[in-house]
Amino acid sequence: MSDQIVVLATADSRSHYPDKLRRIRYHDADNDRFLVFLTNNFDLPALTIARLYKARWQVELFFKWIKQHLRIKAFTGQARMR
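Residues numbered from 1 in each chain as written. Predicted model: local features only at pLDDT ≥ 70, side-chain atom pairs only at ≥ 80, totals over all residues. Heavy atoms only, no water.

Caption draft 1: Layout of the overall build of the protein. Looking only at helices and strands, the protein features 2 helices and 3 strands. Taken from N to C terminus, the helices and strands of the protein fall in the order β-α-β-β-α. Seen through its principal axes, the protein has C-alpha atoms that stretch 45 × 35 × 30 Å. Expressed as a percentage of contacts within the protein between residues at least 6 apart in sequence, the contacts between residues at least 24 apart total 19%. Put simply, the protein shows about 7300 Å² of open surface, and 55% of that area lies on carbon and sulfur atoms. (Helix = DSSP H or I, 4+ residues; strand = E, 2+ residues; numbered from the N terminus. Contact = heavy atoms within 4.5 Å. Areas by Shrake-Rupley, 256 points an atom, 1.4 Å probe, with all protein chains shown as cover.)

Caption draft 2: Molecular detail of the sheet that holds strand β3 (residues 33-39). One open sheet accounts for 3 strands, arranged β1-β2-β3; its pairing is antiparallel. With partners counted over all chains shown, the strands left at the sheet margins are β1 (2-6) and β3, one partner each. Taken pair by pair, the neighbouring strands of this sheet meet at an average axis angle of 20°, ignoring direction. Strand direction decides the pairing type here: strand β2 (residues 21-28) and β3, joined by 7 bridges, are antiparallel. Along β3, the bridge assignment pairs D28 with R33. (Pairing = 2+ DSSP bridges. Axes fitted to C-alpha atoms, helices over the stretch in contact; angles between N-to-C directions.)

Caption draft 3: Looking closely at helix α2 (residues 46-69). Between its first and last C-alpha, α2 extends 35 Å over 24 residues, near the 34 Å set by a 1.5 Å rise per residue. Residues of α2 that are buried include every one of I49, A50 and I66, and no others. On its buried side, α2 packs onto β2 and β3. (Expected span 1.5 Å × (residues − 1). Buried < 20%, exposed > 50% of the residue type's maximum accessible area, 1.4 Å probe, protein only.)

Caption draft 4: Quick look at the packing of aromatic side chains. Scanning the model with the defined rule gives 2 aromatic pairs in all. Relative to Y53, the ring of F37 has its centre 4.7 Å away and its plane inclined at 15°; by these criteria the two rings are stacked. Taken together, the residues F37 in strand β3 and Y53 in helix α2 connect sequence positions 16 residues apart. Judged by its relative accessible area of 32%, Y53 falls in the partly exposed class. Here the aromatic rings of F62 and F63 are separated by 5.4 Å at their centres, their planes lie at 70°, and the arrangement is edge-to-face. Accessibility expressed as a relative area gives 39% for F63, which makes it partly exposed. Here the guanidinium or amino end of R25 rests over the ring plane of F34, the centre of that ring lying 4.2 Å away. (Phe/Tyr/Trp six-rings, centres within 6.5 Å; stacked < 30°, edge-to-face > 60°. Lys NZ or Arg CZ within 6 Å of the ring centre and 35° of its normal.)

What follows is the structure, encoded as structure tokens:
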């Protein structure tokens, strides 16, 4: 829907992050709602960034479901480096 370059509004927030940010407004047709993302990635297309955030949110919801429905004391895993 929109792709803007913005800076943080207050002097305090600008002192913590003075660089420009990218504000992407996206319409999620599946749920009929508008989402707004802030990113410092100016290289990827806006639609790619919106889809990445949407996919990440699905992962967050998955782990939330696991925590609510399964009794797991610890997660173990192995990161594969290539």
